[in-house]
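Fold and geometry: a report
The residues making up each chain are set out below.
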Amino acid sequence: MASCYHCGRGGASYRRNVVTGLSNTTYYGNRNTSYSTRTYSGLRTVCEKCAFDIDKGRLVRSIIGLWILNIVLAGLIIYFKF
């Protein structure tokens, strides 16, 4: 029986793509410094509650993104129309 990647409960049967690690890197050059952030993700087994939470979070983020896009577009239309 598989255990959940997030909470550790047994009986996990859902597969979701989750963040498995983060990496921050700094490059020092002669004239400039650059920063890089990398996020690692992978397919992991999670329980029903964690799968629901992951799906809910993705849905909320996409709805918020669409609202922000609509507000920006409405602002641009109002700005350039008047």
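Let us look at the structure shown here. Remember, predicted model here, so these are calculated numbers, not experimental data.

Thresholds, definitions, all that
Note on numbering: residues in each chain are counted from 1, in written sequence order. Two thresholds apply to this predicted model, a pLDDT of at least 70 for residue-level local features and 80 or more for giving and counting side-chain atom pairs, whereas whole-chain, interface and lining totals are computed over all residues. With hydrogens and water stripped out, all remaining heavy atoms of the structure feed into the side-chain values. Here a salt bridge means any side-chain nitrogen of Lys or Arg lying within 4 Å of a carboxyl oxygen belonging to Asp or Glu. The way it works is that DSSP assigns letters per residue, a run of H or I at least four long becomes a helix, a run of E at least two long becomes a strand, and they are numbered from the N terminus. Classification of residues uses two cut-offs on accessible area relative to the type maximum, computed with a 1.4 Å probe and protein chains only: under 20% is buried, over 50% is exposed, and between them is partly exposed. Whether two residues touch is decided by their heavy atoms; if any such pair falls within 4.5 Å, the residues are in contact. Aromatic rings from Phe, Tyr and Trp, with only the six-membered ring used for Trp, were paired whenever their centres fell within 6.5 Å, and each pair was classed as stacked if the ring planes differed by under 30 degrees, edge-to-face if by over 60, and tilted otherwise. Two conditions define a charge sitting above a ring: the NZ of Lys or the CZ of Arg must be within 6 Å of the ring centre, and it must be within 35 degrees of the ring normal. Any N or O atom pair separated by 3.5 Å or less is treated as a polar contact, with the protein-specific requirement of one donor-capable and one acceptor-capable atom, and with residues adjacent in sequence counted only for side-chain atom pairs.

What follows covers the pattern of salt bridges. Counting across every chain of the model gives two salt bridges. One salt bridge in this structure joins Asp-53 and Lys-49, with 3.1 Å as the shortest N-O distance. Here Asp-53 and its partner Lys-49 are both found in helix H1 (residues 48–81), four residues apart, which amounts to about one turn of the helix.

Right, let's get into the environment of Ser-41. With respect to the secondary-structure elements, Ser-41 resides in strand S2 (residues 33–46). A residue is classified by how much of its surface remains accessible, and Ser-41, at 49% relative accessible area, is partly exposed. Expressed as a C-alpha distance, the spacing of Ser-41 and Thr-20, which sit 21 residues apart in the sequence, is 4.9 Å. Filtering out sequence-adjacent residues up to four positions away, Ser-41 remains in contact with Asn-17, Val-18, Val-19 and Thr-20.

Within the secondary structure, Thr-20 is located in strand S1 (residues 14–28). Residue class for Thr-20 comes out partly exposed when judged on its relative accessible area of 31%. Sequence separation between Thr-20 and Gly-42 is 22 residues, and the spatial gap between their C-alpha atoms is 6.4 Å. Filtering out sequence-adjacent residues up to four positions away, Thr-20 remains in contact with Tyr-5, Tyr-40, Ser-41, Gly-42 and Arg-44.

On to the packing of aromatic side chains. Aromatic ring pairs: the centre-centre distance and the angle between the two ring planes describe each pair. Following the criterion strictly, the structure yields one aromatic pair and no others. Ring geometry for Tyr-79 against Phe-80: centres 4.9 Å apart, planes inclined by 80°, an arrangement best described as edge-to-face. Both residues of the pair, Tyr-79 and Phe-80, belong to the exposed class. Sitting above the plane of the Tyr-5 ring, Arg-44 keeps its charged end 5.5 Å from the centroid.

Another aspect to go through is the side chain of Thr-45. Here Thr-45 lies in strand S2. For Thr-45, a relative accessible area of 17% puts it in the buried group. Side-chain polar atoms of Thr-45 contact the side chain of Arg-15, separated by 2.8 Å. Residues in contact with Thr-45, not counting those within four places in the same chain, are Ala-2, Ser-3, Cys-4, Tyr-5, Ala-12, Ser-13, Tyr-14 and Arg-15.

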